[in-house]
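Chain and residue survey
This is what each chain is made of:
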Amino acid sequence: MTAVEQMFCFQCEQTANGKGCTRMGVCGKDAVVAGLQDELMEAVKGIGLYADAAAKLGARDRAIDVFVVQALFTTLTNVNFDPQRVQDFVSQAAAVAAKAKAMYEKAAKAAGQTPQDMKVRTPSNGAPIILRRKAEQGDDITSLQELLTYGLKGMAAYADHAQILGQEDPAVYAYIHHALAVLARREASAADLTGEALKCGEVNIRAMELLDAANTGAYGHPEPTSVRVTPIAGKCIVVSGHDLKDLHDLLVQTQGKGINVYTHGEMLPCLAYPALKKFKHLVGNYGGAWQDQAKEFDAFPGAILMTTNCIQKPRDTYKARIFTSGVVAWPGVTHIAAKADGSKDFTPVIQAALAQPGFAAAEPEKTIMVGFARNAVLSVAGAVIDAVKAGKIRHFFLIGGCDGAKPGRNYYTDFAQAVPQDCVILTLACGKYRFNKLPFGDIGGIPRLLDVGQCNDSYSAVQIAVALAKAFGVGVNDLPLSLVLSWYEQKACVILLSLLSLGIKNIRLGPTLPAFVTPNVLKVLVDNFNIMPTTTAKDDLAAILK
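Residues numbered from 1 in each chain as written. Predicted model: local features only at pLDDT ≥ 70, side-chain atom pairs only at ≥ 80, totals over all residues. Heavy atoms only, no water.

**Considering the sheet that holds strand β2 (residues 235-240)**
- Spatial ordering of the open sheet is given by β4-β3-β2-β5-β6-β7, a layout of six strands whose pairing is parallel. Looking at which strands have only one partner, the edges of the open sheet turn out to be β4 (282-285) and β7 (334-336). Across the sheet, the mean angle separating the axes of adjacent strands is 30° when strand polarity is ignored.
- Of the strand pairs in this sheet, strand β5 (residues 303-306) and strand β6 (residues 322-325) are connected by three bridges, and their pairing is parallel. (Pairing = 2+ DSSP bridges. Helix = DSSP H or I, 4+ residues; strand = E, 2+ residues; numbered from the N terminus. Axes fitted to C-alpha atoms, helices over the stretch in contact; angles between N-to-C directions.)

Rendered as structure tokens:
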């Protein structure tokens, strides 16, 4: 391995020079963690081989299913930077693989079959694993393998959130094992891998449906809600990430302690859930998207809880008062681990908040509206449809996805501001922070900016589009609806695959195209789905509305 090949990672939008991180990840991941994550990915492929074979014989083990999902999730961008915790996953994977093999062998013998010995086909020339596969199989096959891999990682995040709240489907786990087995054998053709990527997107719709059912079943359907975005006086905790259960449990444990709780980043939509917003000390949202956290957390005069992905390297000024939970981790940061029954004790977070000064005084109140998930939007679908038929609403734009620090994302601000007054903007995920505090007004009482929720709420956006298409008696591609998406990490990849699996075309994607997608693979996506890179807000808007 050469000095410039200590690692190789190109799974996120901000990868170095638009090609790949080779010494240190732009995200902060070092070569040690990158190597351990590669090792973990190869290990879960081995588990997938045996779990897939066992599933075909009617055998499964939920513990194996959940481990694989959490192992995939821990390799997602901006999740786990702690080499010891990743090493723990690698060590556990060996035992889980042995368990999966034994399960398969037992099932095979019970079926009168001779068990087969299965191994992951991994080229071994000393370079990082992706570069080995590139050298052996070529760029295009490796590109498609990575597209499927990142789809699985994104789906695993949704499946993990759902299972934490008791929503699971064995079919989702079975597909994950199947796809891992396909990747492990490395025998699939380009056409087969393309089909698998679209199948991954299709299964992910079910995973997102489970998560939607989990969140709404536990906390109710989001309601249009005015949210304060300026602080009030008092001790405080800010909660970032995506996990609703962590926020709920923290709210329960902070009741009566004189601590105000704020959401941050993708947790903003939590303020619209009835069972969460009933807590009076959940007072509003602090700050913006994940990439601004170092500056924002430094200025925050309380404790910080990171519940899932989107963590950045903490500054020393707040490292002692930031805490992690779930699969997210950073070396030297206190982790709140789940107990055997799944509960968590947030006492260290509470004590840290009480030890900090808190906000000395309230700032003038400013608010924004959230809570326009599928239930809220479809409840007024009749009025929306009437407005379209009357010519009051000309077009819908879904402007959403991940935010990030890389230059070029001001495109989404410019685009949203340029959308004509007779058009409605749907948004979701942290990309909305580029414009969600701007005044957009309304059309006959219908807000022009409808915040659907987290990236985890993409199912809501899909259901809104499907319902509108049904109401108008047309296909989704025939709706006056355009998708202008931003991407950063692997959940965005699997959402794109889900949209493609539904046959949705003409998506504009930016701010840059994925480094792992080769020109030949991109051509397939363009030829079949007319995916387009974003250009300028003015030109793209003109092309859409002409």
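Having seen it, we continue.
**Details of the pairing of β2**
- Of all the six residues making up β2, five are buried; the element is thus mostly covered by neighbouring parts of the structure.
- As judged from the five bridges shared by β2 and strand β3 (residues 259-263), these two strands associate in the parallel manner. If you follow C236 over to β3, its bridge partner there is N260.
- Note that β2 and β5 share four bridges and pair parallel. From the neighbouring strand, S240 faces β5, where its bridge partner is M306. (Buried < 20%, exposed > 50% of the residue type's maximum accessible area, 1.4 Å probe, protein only.)

**As for helix α11 (residues 347-355)**
- Those residues of α11 that fall on the buried side of the exposure criterion are V349, I350, A352 and A353. Here the buried residues of α11 occupy an arc of 160° about the axis, which is enough to place them on one side. When the buried face of α11 is taken as reference, the exposed residues oriented beyond 90 degrees from it are Q351 and A355.
- Those residues of α11 that are buried lie in contact with β2, α8 (244-254), β3, β5, β6 and β7. (Arc of directions from axis to C-beta. Contact = heavy atoms within 4.5 Å.)

**Here's the deal with the side chain of Q291**
- Assignment of secondary structure puts Q291 in the loop between β4 and α10 (293-299).
- Exposure remark for Q291: the relative accessible area of 12% places this residue in the buried category.
- Of the polar contacts made by the side chain of Q291, one reaches the side chain of D403; its length is 2.9 Å.
- Filtering out sequence-adjacent residues up to four positions away, Q291 remains in contact with Q312, D403, G404, A405 and R434. (Polar contact = N/O pair within 3.5 Å; in protein donor to acceptor, adjacent residues only side chain to side chain.)

**Considering the environment of I205**
- Note that I205 resides in helix α7 (residues 190-219).
- Considering only alpha carbons, one finds I205 and F397, 192 residues apart in sequence, at a separation of 21 Å.
- Those residues in contact with I205, other than ones at most four positions away along the chain, are Y459, S498, S501 and L502.

**Quick look at the pattern of salt bridges**
- If you walk through the whole model with that rule in mind, you get 26 salt bridges.
- One salt bridge in this structure joins E136 and R186, with 2.2 Å as the shortest N-O distance. Separated by 50 residues along the polypeptide, E136 in helix α4 (residues 129-137) and R186 in the loop between α6 (170-185) and α7 bring together distant segments of the chain.
- On the accessibility criterion, R186 (9% relative accessible area) is buried.
- Here the salt bridges do not stand alone but share partners, grouping E13, K406 and R409 into one network. (Salt bridge = Lys/Arg side-chain N within 4 Å of Asp/Glu carboxyl O.)

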